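Given next are the chains, with one letter for each unit.
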Amino acid sequence: MDCKETQNLIDPYGDGELDLVKNLEIDRHLEQCAPCSESYKNHQALRHGLKADSLYYRPSTALRSRIQSSLRKAAKVEASPRAVFRRWTGIAVSMAVAALVVLALLPVLRGSSAEDRLTSEVLSGHLRSLMANHLADISSSDQHTVKPWFAGKLDFSPPVEDFAQQGFPLIGGRLDYLENRPVAALVYERRKHLINLFVWPASETDVPTKAVSRLGYNLIHWTQSRMTYWAASDLDKNELQEFVQLVQNRTSPRP
């Protein structure tokens, strides 16, 4: 990795948004390159400076006195028995209503929140890949080149297929990070539209396809043969479903 590429990735590197391979490459570069290392230190100092107390507005002594005086007067009014009763009655009613709402929504929240979070993670991974120099760690249309590249980098072997004859050529792969673990990201193309196919081991049995849309992007996910699959693209949903069907047909267990 050269200095120009490192400088372009300093911000996402500092924010922890890069994949494992890029992080390691930048780590090695910063150890060997004093100017880039100094640039990174300045970047971190600026980030910490923006959070420093010196940026907060400190009120004058007179203003603090007026605020404190107003608070004391309000406290005297609120200290009356009637005011205290009204206040605590209101709090109790609010808490009871809030508890009923939470209890009513708890089954829905439990069922959807984890999937919603994962959907957001997948979409973020897809969008990050569209940035410069982040689409593929291994660029190749040869599945026999892409698949061995993952060996030793993951604790599983992802199925890698090329669908060039069907109009969805393989263009590469990379490591990504989803659901608190490293995953394989296989990159395909369809008339200049990019498709990210994220793959990692599944804990559950086969799950049928489910399609969602976020911010103009289509995502389809399913579980098959102990593998979780997420396909993300700005392709039309029907075309993305066509791609998903190809993957499912090719990766289904042979009789």
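Computed from a predicted structure; not experimentally measured.

Visitor: So what exactly am I meant to see when it comes to the overall build of the protein chain here?
Guide: A tally of regular secondary structure across the protein chain gives eight helices and seven strands. Looking at the protein chain residue by residue over its 255 residues, the buried ones come to 35%. Residue pairs in contact within the protein chain that sit at least 24 positions apart in sequence constitute 55% of those at least 6 positions apart.

Visitor: What exactly am I supposed to notice about the pairing of strand 4 (residues 193-201) here?
Guide: Looking down a regular strand, the side chains alternate between one sheet face and the other. Taken across its nine residues, strand 4 has seven buried, putting it largely inside the fold. In terms of strand pairing, strand 3 (residues 181-190) meets strand 4 through seven bridges, oriented antiparallel. Pairing of Arg190 across the sheet is with His193, part of strand 4. As paired elements, strand 4 and strand 7 (residues 227-233) share seven bridges and run antiparallel to each other.

Visitor: Would you take a moment to explain the pattern of salt bridges for this structure?
Guide: All told, the structure shown has 11 salt bridges when counted by the stated rule. The partner of Glu115 in a salt bridge is Lys210, and the shortest N-O contact between them spans 2.8 Å. Here the residue Glu115 occupies a position in helix 6 (residues 81-129), and Lys210 occupies one in strand 5 (residues 207-214), the gap between them amounting to 95 residues. On the accessibility criterion, Glu115 (25% relative accessible area) is partly exposed. The partly exposed category is assigned to Lys210, whose relative accessible area is 41%. For Arg174, the salt bridge goes to Asp176, with nearest N and O atoms at 3.2 Å. Here Arg174 and Asp176 have matching classes, each one buried.

Visitor: Would you take a moment to explain the packing of aromatic side chains for this structure?
Guide: Both the distance between ring centres and the angle between the ring planes are used here to describe each pair of aromatic rings. Summed over the entire model, instances satisfying the criterion amount to six aromatic pairs. Aromatic side chains Trp149 and Phe150 sit 5.1 Å apart centroid to centroid with 80 degrees between the ring planes, which places their arrangement in the edge-to-face category. Plain terms: the ring middles of Phe163 and Tyr188 are 5.8 Å apart, the flat faces sit at 35 degrees to each other, and that makes the pair tilted. Here the residue Phe163 occupies a position in the loop between helix 7 (143-149) and strand 2 (170-178), and Tyr188 occupies one in strand 3, the gap between them amounting to 25 residues. Taken as a pair, Phe163 and Tyr188 share a single burial class, namely buried. Aromatic rings pair up to connect Phe163, Phe168, Tyr188 and Phe243 into one cluster. Geometry around Trp149 places Lys153 over its ring, the cationic atom sitting 4.4 Å from the centre. It is Arg190 that lies over the ring of Phe168; its NZ or CZ is 4.3 Å from the centre.

Visitor: How should I be thinking about helix 8 (residues 237-251) in this particular structure?
Guide: With 15 residues, helix 8 ought to run about 21 Å at 1.5 Å a step, and its terminal C-alpha atoms sit 21 Å apart, in line with that. All of the buried residues along helix 8 are Glu239, Leu240, Phe243, Val244, Leu246, Val247, Gln248 and Thr251. Packing partners of the buried residues in helix 8 comprise strand 3, strand 4, strand 5, strand 6 (217-224) and strand 7.

Visitor: It is not clear to me how unusual backbone geometry should be interpreted in this structure. Could you clarify?
Guide: Glycine aside, negative phi is the norm for most residues, and most peptide bonds take the trans geometry. One non-glycine residue, Glu179, lies in the positive phi region at around 50 degrees. Secondary-structure assignment places Glu179 in the loop between strand 2 and strand 3.

Visitor: What is the right way to look at the nonpolar core in this model?
Guide: The tendency in soluble globular proteins is for nonpolar side chains to be buried side by side. Core analysis: the largest hydrophobic core is formed by 42 residues, its most contacted members being Val122, Phe150, Tyr188, Leu197, Phe198, Trp200 and Phe243. In this structure Phe150 touches Pro158, Gly173, Arg174, Leu175, Ala184, Ala185 and Leu186, once residues within four positions along its chain are discounted. Of all hydrophobic cores here, the second largest spans seven residues; its members include Leu9, Tyr13, Ile26 and Leu30.

Visitor: Just to check I follow, could you spell out the sheet that holds strand 2 for this structure?
Guide: Think of a sheet as strands paired side by side through backbone hydrogen bonds, with each pair either parallel or antiparallel. The antiparallel open sheet is built from seven strands, whose spatial order is 1-2-3-4-7-6-5. Every interior strand has two partners, whereas the edge strands, strand 1 (138-139) and strand 5, have only one. Bridge count for strand 6 against strand 7 is seven bridges, and the pairing is antiparallel. By the bridge assignment, Asn218 is partnered in strand 7 with Ser233. Along the sheet, helix 8 makes contact with strand 3, strand 4, strand 5, strand 6 and strand 7, crossing strand 6 at roughly 20 degrees.

Thresholds applied
- Residues numbered from 1 in each chain as written.
- Predicted model: local features only at pLDDT ≥ 70, side-chain atom pairs only at ≥ 80, totals over all residues.
- Heavy atoms only, no water.
- Helix = DSSP H or I, 4+ residues; strand = E, 2+ residues; numbered from the N terminus.
- Buried < 20%, exposed > 50% of the residue type's maximum accessible area, 1.4 Å probe, protein only.
- Contact = heavy atoms within 4.5 Å.
- Pairing = 2+ DSSP bridges.
- Salt bridge = Lys/Arg side-chain N within 4 Å of Asp/Glu carboxyl O.
- Phe/Tyr/Trp six-rings, centres within 6.5 Å; stacked < 30°, edge-to-face > 60°.
- Lys NZ or Arg CZ within 6 Å of the ring centre and 35° of its normal.
- Expected span 1.5 Å × (residues − 1).
- Core = buried A, V, L, I, M, F, W, Y, C linked by side-chain atoms within 4.5 Å.
- Axes fitted to C-alpha atoms, helices over the stretch in contact; angles between N-to-C directions.

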